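The primary structure of each chain is shown beneath.
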Amino acid sequence: DPAFRTATVEGWFRFHCNCPLVEDGQQSGFAIADALSDALDFYGFYIGDAKYPDRSTTLILQVENLEAGEEISLQGPGIPGTRKVNISGLPDHFWTWRKDNHKEFQLGVDVMLTSGSKLLGLPRTTRRDEQLS
């Protein structure tokens, strides 16, 4: 996300992670963006390939709040039954993209949502249970 791409941020990643910084989402191991950024193209990230599905992009999205907002029910490996979470600050098309992202499983983009010091992991195996939400 251009909003996060400052000299300070680039320097931190180069020093602490020794990772290359790329413009093309198809070449990124990690991507950091504001969830509501106009520059964000969810479909522009690497989903991995049949030999290395684990090499897909991990998308780190900053959202407004992870304790208030729309109540979402999640299901998937590591979640006993369902888990209800509240999220505000996701674009309307996020959950449509998540469904599309799961269609070629084992391929897909993993997502981490952040807000302040809060973090919510949404691996590609996690699904929204729309009947419970």
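Structural notes, computed from the coordinates. (Residues numbered from 1 in each chain as written. Predicted model: local features only at pLDDT ≥ 70, side-chain atom pairs only at ≥ 80, totals over all residues. Heavy atoms only, no water.)

**What about helix α2 (residues 94-102)?**
Stage number 1. All of the buried residues along α2 are F94, W95, W97, R98, N101 and H102. Seen end-on, α2 carries its buried residues on one side only, within an arc spanning 155°.
Stage number 2. In this fold, the buried residues of α2 make contact with β2 (58-62), β3 (65-76), β4 (79-88), β5 (110-115), β6 (118-122) and β7 (127-128). (Buried < 20%, exposed > 50% of the residue type's maximum accessible area, 1.4 Å probe, protein only. Helix = DSSP H or I, 4+ residues; strand = E, 2+ residues; numbered from the N terminus. Arc of directions from axis to C-beta. Contact = heavy atoms within 4.5 Å.)

**Brief notes about the nonpolar core**
Stage number 1. If you look at the biggest cluster of nonpolar residues, it comprises 23 residues, and the most contacted ones within it are L59, L61, I87, F94 and L113.
Stage number 2. Among all residues touching L59, those that are not within four sequence positions of it are A31, L40, F42, F45, W97, V109, D110, V111 and M112. (Core = buried A, V, L, I, M, F, W, Y, C linked by side-chain atoms within 4.5 Å.)

**Observations concerning the packing of aromatic side chains**
Stage number 1. Summed over the entire model, instances satisfying the criterion amount to five aromatic pairs.
Stage number 2. Taking the centre distance of 5.8 Å and the plane angle of 50° together, the rings of F94 and W97 count as tilted. Taken together, the positions of F94 and W97, both in helix α2 and three residues apart, correspond to about one turn of that helix.
Stage number 3. Residue F94 is classed as buried on the basis of its relative accessible area of 0%.
Stage number 4. Overall, the relative accessible area of 2% leaves W97 in the buried class.
Stage number 5. Members of the aromatic cluster, each reached through a chain of ring pairs, are F42, F94, W95 and W97. (Phe/Tyr/Trp six-rings, centres within 6.5 Å; stacked < 30°, edge-to-face > 60°.)

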